[in-house]
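# Structure assessment
Listed here are the chains, written in short residue letters.
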Amino acid sequence: MRVRGAGLVLATVLLASTASGALAQNAGQAPAVSTYQQPPAPIAEILDAKPTPAPMLSPDRRTLVLLDRSNLPSIKALAEPMLRLGGSRINPRNNGMAESRVSWLTGLTLQGVEGGAQRVVTLPAGARFTAVRFAPDARSLALVMDRPTGLELWVVDVATARARKLTDPVVNMTGGAGYQWLPDSSGVLVEAVPAGRGPAPDVSAAPTGPNIDETAGRIAPVRTYQDLLSNPGDEALFDHYFTSQLTLVPLNGRARTIGQPAVYLDVTLSPDGRYILQEIAKRPYSYVVPSGLFPTDIVVTDLSGRVVRQVASLPLRDDVPTAFDAVAPGPRSVDWRADAPATLTWVEALDGGDIRREAEFRDRVFMQAAPFAAQPVKLIDLKERYGGVSWGKDDLAVVYSRWFNTRHETRFTVDPSHPGEGRVLLERNYQARYDNPGMPVTQPNAAGRSVIRFAPDGKILMSGAGATPQGEFPFLAAMDPATGRSERLWTSANTDYESVVGFLDAEGKRVVTQRESRLDPPNLQIRNLTDGSTTRLTNFADPAPQLAGATRQLVTYERADGVKLSGTLYLPAGYDKDRDGPLPMLMWAYPAEFTDASVAGQTVDVQNRFVRPGGASHLFLLTQGYAIFDNPSMPIIGKDGAEPNDTYVQQLTADAQAAVDAVVRMGVADRDRIAVGGHSYGAFMTANLLVHTDLFRTGIARSGAYNRTLTPFGFQSEQRNYWDATEVYTEMAPFTYANKLNEPILLIHGEADDNSGTFPVQSERFYAALKGLGATARYVTLPLEAHGYRARESVGHTLWEMVRWMDLYVKNAPPRTPN
């Protein structure tokens, strides 16, 4: 068990050496502890501004719901007790997700799409809720309300805008969705806390013996996972909190239980509402993988709880190879066919799940219709790994397959009424942006399941981002399922970013879209595709008008080897290059791996996008007089079958050199006053650039990993293990070269980081190395924070640290001393 209690509401700061304007921390002294600091104006004001409501359209597209969102939670909220069990973080008070993982809603308003006054739904004072979902018939919507002792299910009648409580505080959301609507909209299926569950097990007793794991020569590589079970006490708590009782709760009438309580990993009603597909975890549990890989029974029951189909009894899956396209043997991706009453679909590997085996076909997709007496039928065999399916109608669906090593994607059309073969619809590099045909437009059917929407002539309606060098211009197209050729029906104007949200008529001539531009925040409107007329549905204002005057432009340039690169340059409001000259600059980036240089070099302008910072965004430094070079390309390319990371340091250095040269050449940045920063893998990049180059005055590295021996079975896009690629792991790790880091570095890390591979010990040990080697470093840990920072105090303090560090080591730094 890992319980996070109240914790220190203080930021802990350690400094490796003294520098002008910085507090000193001498070796052997206790860490410097300070209260949370506020960032300078206007950053704090922007952080505290009321969030823009979140819009949601009903399935019938007749009702628009505006959801009031809570602002950043307080550190006190994050300090609620938290359990880390089986790869999940839960709140034991309410049987829901941990506070750090919930964005609470505080109010909702109903508005007719075709007109009419707004209607505010009355909720309890101080209400906060989540999981808002419409019934398939759109006449009701449900939500989960947080209460002192648990989570209640409430329902809102759309016609009257009245809300009422449907259940006591018994909804269990520790393992998933908590509830789902019945397909006929008459009620909901709830995962409930079992009646008479009683108090949680007492796990405070002294251990009765050691915890022992033994391999006995069995090969079982696993990537790094967080929040795993670690002892029998954890197992007892996992059973206590994750066990649910399936309960059918009608909108009008008496609730009844279905079957016996169990640890449900997933629960899904069939589209006709007659069956329940269940994935149930069972012992023995594991201490090395999350609950999704525990031994699992996959069964189908009827609404009385009687098992009518045993799909699979899967063993513990702790020995799956770590390659990205490796999968466990046996059925996976088990689901219902969305466009049929009760047809199961699933996938099984034909190569045993191991990509090292030679095989013509890798995966087989199966179907089996109720009452499940006939043998399963093959829908299609795939030469790549199954990537999903879009169900359409009796004789048409689209199946997707992908292969990570080549970044290749194939899409097939299949005829479910005559299964067995498929026809290639298209093939492409799935990282490519310019030729992306988009995805099929889907809409909910009568059972509430998403199915493909077809044009009147039977073509597949497609929507996509529409990436071009000049920008992204979302589109609506019609694709011929026989040829894969698409015809554009509508494209966003070149000054806007407007995308289709839903259709309002059977002919597809009137749609709801969301439109934004460089100066206009996203808002919903009705667009007539025939005459181009529009009707505004929402009127959300700029949430941060203080940044309206900042400018941005796409900057394109080339790496020394000819690879095309780009980044977005942001300049403060009122900046004039002739008058103000070069500015101090922060480059904020995140590397990406590619197998094709031409794909890596695809650039897309963002002039038609509305951009405002939120959370701990680096863009807030625009308000302090800094230029920001955002997301400069840092491609790491594997050519001709080579692994990208074989030349990681060389390519990263070349990427950074080209970025620095580009902004200096423009006259907007001073080569002597540029910093580099990043979050997660961007922090890893930052440390590498500081140890291998002298391009930057300082670096800001947030929640990163620096020692690759701590992630020995792969990281990011690296599939090889440490022993297969020792030299690569060693050379890529900035920890290896900590003695070469001669620029100041600011390290920030959440003390409760939940991201695979970025354990807090990564920053702790890297800082210890820097301190022992006499580097200039500052190490800030944020209590209660995960990989992304949530609390208002933590976000504000992080931005204060970043501004202060940039002022000290970039804006006000003296000229560099020549080497």
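Attention in this report is confined to the structure presented alongside it. None of these values were measured; they are calculated from a predicted model.

Rules of the game
- Sequence positions are assigned chain by chain, starting from 1 and proceeding in written order.
- Per-residue local features are limited, in this predicted model, to residues with pLDDT of at least 70; the limit for side-chain atom pairs, both in listing and counting, is 80 or more; totals at the level of whole chains, interfaces and linings are taken over all residues.
- The side-chain quantities take in all heavy atoms of the structure and omit both hydrogens and water.
- An axis is simply a line fitted to the C-alpha atoms; with a helix, the fit covers only the stretch in contact. Between two such axes, the angle follows the N-to-C directions and lies from 0 to 180 degrees.
- Helix and strand definitions follow DSSP, with helices as H or I runs of at least four residues and strands as E runs of at least two, each counted in order from the N terminus.
- The labels follow the angle: roughly parallel below 35 degrees, roughly antiparallel above 145, roughly perpendicular from 65 to 115, and oblique for the rest.
- A contact between two residues is defined here by any heavy atoms of the two lying within 4.5 Å.
- Amino acids are sorted into nonpolar (Ala, Val, Leu, Ile, Met, Phe, Trp, Tyr, Cys and Pro), charged (Asp, Glu, Lys and Arg) and polar (every other residue, Gly among them).
- Relative accessibility decides the category of a residue: with a 1.4 Å probe and only protein chains considered, values under 20% of the type maximum give buried, values over 50% give exposed, and everything between is partly exposed.
- Criterion used throughout: strands pair if DSSP finds at least two bridges between them.
- If you view a crossover with the strands going away from you and the path from the first strand over the helix to the second runs clockwise, you call it right-handed.
- Here a polar contact is recorded for every N or O atom pair within 3.5 Å, except that within protein the pair must consist of a potential hydrogen donor and a potential acceptor, and residues adjacent in sequence are included only if both atoms are side-chain atoms.
- For this analysis, a nonpolar core means a set of buried residues of the types Ala, Val, Leu, Ile, Met, Phe, Trp, Tyr and Cys, connected via side-chain atoms within 4.5 Å.
- A carboxyl oxygen of Asp or Glu within 4 Å of a side-chain nitrogen of Lys or Arg is what we treat as a salt bridge.
- A pair of aromatic rings is counted whenever rings of Phe, Tyr or Trp (Trp by its six-membered ring) have centres within 6.5 Å, and the orientation is called stacked for planes under 30 degrees apart, edge-to-face for over 60 and tilted otherwise.
- Each ring is checked for a lysine NZ or an arginine CZ that lies within 6 Å of its centre and within 35 degrees of its normal; such an atom marks a charge sitting over the ring.

For the pair helix α6 (residues 648-666) and helix α7 (residues 681-692), the least separation of the axes is 10 Å and the interaxial angle reads 85 degrees. Considered as vectors, α6 and α7 are oriented roughly perpendicular to each other. Contacts between α6 and α7 involve Tyr648, Val649, Leu652, Thr653 and Ala656 from the former and Tyr681, Phe684, Met685, Asn688, Leu689 and His692 from the latter. Residue composition of the contact of α6 with α7, grouped by class: eight nonpolar, three polar and no charged.

Before going further, it helps to spend a moment on the pairing of strand β49 (residues 669-679). With eight of eleven residues buried, β49 is to be regarded as a mostly interior element. Two strands pair when backbone bridges link them, and strand β45 (residues 583-588) and β49 are joined in this way by five bridges, in the parallel orientation. Counterpart to leucine 583 in the pairing with β49 is alanine 669. Bridge count between β49 and strand β50 (residues 698-702): five bridges; the pairing is parallel. Note on β50: the bridge partner recorded for valine 676 is glycine 699. What joins β49 to β50 is α7, and the crossover it makes is right-handed.

This paragraph deals with the side chain of glutamine 624. By the element assignment, glutamine 624 lies in the loop between α5 (597-600) and β47 (627-630). In terms of polar contacts, glutamine 624 uses its side chain to reach the side chain of threonine 623, at 2.8 Å.

With respect to the helices and strands, the residue aspartate 457 is situated in the loop between β33 (450-452) and β34 (460-464). What makes aspartate 457 exposed here is its relative accessible area of 55%. When the C-alpha positions of aspartate 457 and aspartate 480 are compared, they lie 9.5 Å apart, and in sequence the two are 23 residues distant.

Ranked by size, the top nonpolar core spans 62 residues in total, and within it Met585 and Phe696 carry the most contacts. Ranked by the residues each element gives to this core, the list is headed by α6, at nine residues. Other than its neighbours up to four places away in sequence, methionine 585 contacts Leu569, Tyr626, Ala627, Phe629, Val663, Val668, Ala669, Arg673, Ile674, Ala675, Met806 and Val810. Counting 31 residues, the second-largest nonpolar core is a separate cluster that includes Leu586, Phe620, Tyr789 and Val795.

With that settled, the discussion passes to the pattern of salt bridges. Counted under the stated rule, the structure contains 51 salt bridges. Arginine 559 is paired through a salt bridge with aspartate 655; the nearest N and O atoms lie 2.9 Å apart. Residue arginine 559 is located in the loop between β43 (551-558) and β44 (564-571), and its partner aspartate 655 is located in helix α6; the two are separated by 96 residues in the primary sequence. The closest approach of N and O atoms between lysine 811 and aspartate 807, which form a salt bridge, is 3.7 Å. Placement of both lysine 811 and aspartate 807 in helix α10 (residues 792-811) is noted, with a separation of four residues, approximately one turn of the helix. Residue aspartate 807 is classed as partly exposed on the basis of its relative accessible area of 21%. Salt bridges sharing partners connect three or more residues here, namely Glu80, Arg93, Glu99, Arg128 and Asp146.

Here the focus is the environment of arginine 147. Mapped onto the secondary structure, arginine 147 falls in strand β12 (residues 140-147). Residues arginine 147 and glutamate 727 lie 580 residues apart in sequence; the distance between their C-alpha atoms is 54 Å. Sequence-distant contacts of arginine 147, defined by excluding residues within four places in its chain, comprise Arg93, Pro124 and Glu152.

Another point: the packing of aromatic side chains. Considering all chains together, one arrives at 21 aromatic pairs under this definition. Taking 5.1 Å as the distance between ring centres and 80 degrees as the angle between the ring planes, the aromatic pair formed by phenylalanine 238 and tyrosine 285 counts as edge-to-face. With phenylalanine 238 in helix α3 (residues 232-242) and tyrosine 285 in the loop between β20 (275-281) and β21 (296-302), this residue pair connects regions lying 47 residues apart in the sequence. Ring centres of tyrosine 706 and phenylalanine 766 lie 4.6 Å apart, and the angle between their planes is 20 degrees; on these two criteria the pair is classed as stacked. With tyrosine 706 in the loop between β50 and α8 (726-732) and phenylalanine 766 in helix α9 (residues 760-772), the pair connects residues that are 60 residues apart, well separated along the chain. One exposure class covers both tyrosine 706 and phenylalanine 766, and it is buried. Put simply, the rings of Tyr590, Tyr648, Tyr681, Phe684, Phe713, Phe715, Tyr722, Trp723 and Tyr729 touch in pairs and so form one group of aromatic residues. Here arginine 453 stacks its cationic end above the ring of phenylalanine 503, 4.2 Å away from the centre of that ring. In this structure, arginine 708 is placed above the aromatic ring of phenylalanine 715, and the distance from its NZ or CZ to the ring centre is 4.1 Å.

Time to look at the sheet that holds strand β31 (residues 439-440). Strand order across the open sheet formed by four strands is β31-β34-β37-β38, with antiparallel pairing between neighbours. Looking at which strands have only one partner, the edges of the open sheet turn out to be β31 and β38 (486-491). In the sheet, strand β37 (residues 475-479) pairs with β38 via five bridges, with the strands oriented antiparallel. When the sheet's bridge partners are listed, phenylalanine 475 is paired in β38 with threonine 491.

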